[in-house]
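Structural overview for review
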Amino acid sequence: MIFNLYISLFISFLAFLGMYIGGITTTFFKRYLPGKIHRLYIFCGGLLVGLLIFEVIPESIQQYDQLGLIIGGFLGIIGMMAIENIFHSKNNHNGKTSNYVHGIIFLIIAVAIHNVPTGFAIGTNIVDQSITGSPLLWALFLHHIPEGITLMVSSILAGSNSLSFSLITALLALILGVSILGGISISNLSHQFNTILMGSAIGTLGYVTVHEILWKSKTTVTAREYIILVCVGLIFIRLYILSLELL
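Residues numbered from 1 in each chain as written. Predicted model: local features only at pLDDT ≥ 70, side-chain atom pairs only at ≥ 80, totals over all residues. Heavy atoms only, no water.

Keep this limit in mind: UniProt positions are given in the numbering used here, feature names are shortened, and annotations may be inferred rather than shown by experiment.
The name given to the protein chain in an unreviewed UniProt entry is Putative divalent heavy-metal cations transporter, with Schinkia azotoformans MEV2011 as the source organism. Looking at the protein chain in UniProt, the text filed under Sequence similarities (unreviewed entry) is "Belongs to the ZIP transporter (TC 2.A.5) family."

1. As for the UniProt feature "transmembrane region" (unreviewed entry) in the protein chain
What counts, and what does not: Helix and strand assignments follow DSSP, with helices taken as H or I runs no shorter than four residues and strands as E runs no shorter than two, numbered in order from the N terminus.
UniProt's feature table lists "transmembrane region" (unreviewed entry) at residues 6–28, 40–57, 69–87, 99–116, 136–158, 165–187, 193–214 and 226–244, given in the numbering used throughout. Between the C-alpha atoms that bound residues 6–28 there is a distance of 33 Å. The span itself is 100% helix and 0% strand. Along residues 40–57 the backbone is 100% helical and 0% strand, and the end-to-end C-alpha distance reaches 24 Å.

2. Observations concerning the nonpolar core
It is characteristic of soluble globular proteins that their nonpolar side chains tend to be buried jointly. Put simply, the test is: Here, nonpolar core means buried Ala, Val, Leu, Ile, Met, Phe, Trp, Tyr and Cys residues that are tied together by side-chain atoms lying within 4.5 Å of each other. Relative accessibility thresholds used throughout: buried, under 20% of the residue-type maximum; exposed, over 50%; partly exposed, between the two (1.4 Å probe, protein chains only). Any two residues whose heavy atoms approach within 4.5 Å are treated as being in contact.
Of all hydrophobic cores here, the largest spans 55 residues; its most connected members are Ile11, Leu107, Leu151, Val153, Leu172 and Val208. Considering every element that reaches this core, the biggest residue donor is helix α2 (residues 37–63), with 10 residues. Setting aside its immediate chain neighbours within four residues, Leu107 contacts Leu48, Thr150, Leu151, Ser154, Leu205 and Val208. Ranked by size, the runner-up nonpolar core spans 7 residues in total, among them Val49, Val221, Tyr226 and Val230.

3. Topic: a nonpolar patch on the surface
For clarity, the cut-off: To count toward a patch, a residue needs a relative accessible area above 30% and no salt bridge. Like charges then connect within 9 Å, nonpolar side chains (Val, Leu, Ile, Met, Phe, Trp, Tyr) within 5 Å. Per-residue and other accessible areas follow the Shrake-Rupley method at a 1.4 Å probe size, with only the shown protein chains counted as cover for residues. For this analysis, a salt bridge means a side-chain nitrogen from Lys or Arg found within 4 Å of a carboxyl oxygen belonging to Asp or Glu.
A contiguous nonpolar patch, built from Phe28, Phe29, Tyr32 and Leu33 and spanning about 430 Å² of accessible area, is present on the exposed surface. Relative to the helices and strands, Phe29 is located in helix α1 (residues 2–32). Overall, the relative accessible area of 37% leaves Phe29 in the partly exposed class.

4. So, the environment of Arg238
On the secondary structure map, Arg238 appears in helix α9 (residues 223–245). Here Arg238 falls in the partly exposed class, since its relative accessible area comes to 32%. For Arg238 and Leu47, which are 191 residues apart along the polypeptide, the C-alpha to C-alpha distance reads 8.6 Å.

5. Things to note about helix α6 (residues 145–157)
Under the convention used in this document: Every helix has an expected span of 1.5 Å times one less than the residues it contains.
Compared with an ideal rise of 1.5 Å per residue, which puts 13 residues at 18 Å, α6 spans 19 Å between its outermost C-alpha atoms and is within 8% of the ideal. When you tally the buried positions in α6, you get 13 out of 13 residues, the bulk of the element. Looking one or two residues past α6, Gly159 carries a phi angle of roughly 85°, positive in sign.

6. Here we look at the packing of α2 against α9
Convention followed: Only C-alpha atoms enter the line fits that serve as axes; for helices the fit covers just the stretch in contact. Angles between N-to-C directions range over 0 to 180 degrees. For this classification, under 35 degrees means roughly parallel, over 145 means roughly antiparallel, 65 to 115 means roughly perpendicular, and everything else is oblique. Less than a right angle of anticlockwise turn of the near helix away from the far helix marks a crossing as left-handed, whereas a clockwise turn marks it as right-handed. Gly is put with the polar residues, along with every residue not named as nonpolar or charged; the nonpolar set is Ala, Val, Leu, Ile, Met, Phe, Trp, Tyr, Cys and Pro, and the charged set is Asp, Glu, Lys and Arg.
Two elements in contact, α2 and α9, have axes separated by 7 Å at closest approach and are oriented at 45°. By the angle class used here, α2 and α9 are oblique. The two elements α2 and α9 meet at a crossing, and its hand is right-handed. Here Arg39, Ile42, Phe43, Gly46, Leu47, Val49, Gly50, Leu51, Phe54 and Glu55 of α2 lie close against α9, whose contacting residues are Glu225, Tyr226, Leu229, Val230, Val232, Gly233, Leu234, Phe236, Ile237, Arg238 and Ile241. Residues that form the contact of α2 with α9 fall into these classes: 14 nonpolar, 3 polar and 4 charged.

7. Re the side chain of Ser200
Along the chain, the position of Ser200 falls in helix α8 (residues 191–214). Relative accessible area serves as the criterion here: at 12%, Ser200 is assigned to the buried category. With residues near it in sequence (within four places) discarded, Ser200 still touches Gly72, Gly73, Leu75, Gly76 and Ile113.

The structure is reproduced here in structure tokens:
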């Protein structure tokens, strides 16, 4: 039990470190490329779309039932729409700052939901695979850097400070660690439940990426620049994932 707790905490720390380095990278760009943060936000939208298209969805189709993923996806989208309606009912002004605040909140929810089935999957396979092998841990660490970039950009645009970003990344890493520990402890975890949960993760992350990030940012730059930034994000994450597969 102590060893399982150690492994969970260690992987959580790697996830936190990866996201934090992503945040530091964003801070560097903000300092030396002032006024470009909105463009970086659109670029991050392209990163997340690529992450879904090139990694999350293909791997989920291989591991889970497609019907369960579709049902979970619809539930995730409906849930995010319901949350958005609640926000709008309590906050009627539609300023840009308000949109970015909604965006960071929805992004935190989406990543948190995504970390739960991911953590359970790691936990349930932790005995069969050499999770302590350096290549796998290196891949887990690198996987969270793009998430950290997106979270930091969203935090900056929402008016949050570095402390808020640190607390957000710590919370998300903790959720991943608890889920890993849960996956280790619960050997008879329902595969159907995990399928619905993963589908919900895809639905929520897709909704946040398309609606909250890309759709609401389309007027901040020209159409040509918008398309280029999204495509560059897609290409970057594709090459990034391919490099992880070589580890």
